[in-house]
Each structure stands twice: as C-alpha cells, then as structure tokens.
Amino acid sequence: NKNKLFNRDRSNMSLKERRSISSAGGSTPRQEKMIVERSNSSATVDTSPRKVLLEQLARVLPVEDVNLPDHVVLVNTGESHGALLAAHLTEHGHRVITTMAPPDVKATISHLVNKIQKL
C-alpha cells in the first residue's frame, strides 16, 4: 500500500523510546505518562523569542549602528556544547548570538533582514 510506505510516526518520541515500547509488547504506565506529558508540553510551546536574545540583538547589532558586521555567528545553546562554543567565540572577538528555539532564530533573521533593508 503506497500510503503506508510514506506514512511516518509524527509523535515527539525518539526512535529509542518507540522501540522500547514496541519490544515490551505495549506501553507501561510510566511510558504512557511520558507520552501524555510530551503531548501536553508540545501544545504549550512558546512562540516568542527569549528576552535574553532580544538584549543580545540590541547589543551585537544595535539599531542606531549604520554598519553591518562582516560576520555574525549563531550558536544553538540547546545543543550539548553550544554554551561553551559561544563563550569561546566571544572570547576571541566574534559577534555571537545564542539561540535555543526556532522563535529565536526567526527573530534573529528578522532583525538582520530589517537592518539590511534600512541600508
């Protein structure tokens, strides 16, 4: 069946969690609780950028500054070594903007595009 070929599981569970559920022959109460918590938490995802990010944008790319920097580095601090990388790059004089979620990336790109359009 072609539909089954292209269908995929759209849950937020990792492959490891899905395998453990299928190998156990069903789900345990703990696994069911995890599924419910994940589905509830995904429903309340914040779509606005973090306040810290907005402060970083104002500091790294000030609105009143007419010139654009040669480069800006976006670092995802949600990754395991993101914060360490951001600190290291900052020490070496790079302009670093730390993001944690898609709304942060969207706000950063919006800020850059607005700045470019003003030139």
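Below is a summary of the structure that appears in this document. (Residues numbered from 1 in each chain as written. Predicted model: local features only at pLDDT ≥ 70, side-chain atom pairs only at ≥ 80, totals over all residues. Heavy atoms only, no water.)

**Focus: the overall build of the protein chain**
To be explicit about the condition: Under the scheme used here, helices are H or I runs from DSSP no shorter than 4 residues and strands are E runs no shorter than 2 residues, and both carry numbers assigned from the N terminus. Each residue is assigned to one of three classes by its accessible area relative to the maximum for its type, calculated with a 1.4 Å probe on protein chains only: buried under 20%, partly exposed between the two thresholds, exposed over 50%. Working rule for contacts: check all heavy atoms of both residues, and any pair within 4.5 Å makes them a contact. The Shrake-Rupley method, run with a 1.4 Å probe sphere, supplies the accessible areas, and residue values consider only the shown protein chains as cover.
Within the protein chain one finds six helices and two strands. If you list the helices and strands of the protein chain from N to C, you get α-α-α-α-β-α-β-α. Of all 119 residues assigned to the protein chain, the portion counted as buried reaches 21%. Nonlocal contacts in the protein chain, meaning residues at least 24 apart in sequence, comprise 57% of its contacts between residues at least 6 apart. Summed over all atoms, the accessible surface of the protein chain reaches about 9300 Å², with 56% contributed by carbon and sulfur.

**So, helix α4 (residues 51-60)**
Stated precisely, the cut-off is as follows: By definition, the arc is the one covered by directions from the helix axis to the C-beta atoms.
The complete set of buried residues in α4 reads Leu 53, Gln 56, Leu 57 and Val 60. All buried residues of α4 fall inside an arc of 100 degrees around its axis, so they share one side. Exposed positions of α4 whose direction lies more than 90 degrees from the buried face are Lys 51 and Arg 59. Looking at the packing, one finds that the buried side of α4 touches β2 (96-99) and α6 (102-118).

**Observations concerning the side chain of Lys 115**
Relative to the elements of secondary structure, Lys 115 occurs in helix α6. On the basis of relative accessible area, Lys 115 is assigned to the buried category, the value being 9%. If sequence neighbours within four positions are ignored, Lys 115 has contacts with Leu 61, Pro 62, Val 63, Asp 65, Asn 67 and Leu 68.

**Re the pattern of salt bridges**
What counts, and what does not: Each reported salt bridge corresponds to a side-chain nitrogen of Lys or Arg within 4 Å of a carboxyl oxygen of Asp or Glu.
Following the criterion strictly, the structure yields one salt bridge and no others. Between Arg 50 and Asp 104 there is a salt bridge whose closest N-O contact spans 2.7 Å. Of the two residues, Arg 50 sits in the loop between α3 (29-43) and α4 while Asp 104 sits in helix α6, which places them 54 residues apart along the sequence. A relative accessible area of 25% places Arg 50 in the partly exposed class. When its relative accessible area of 2% is taken as the criterion, Asp 104 is described as buried.

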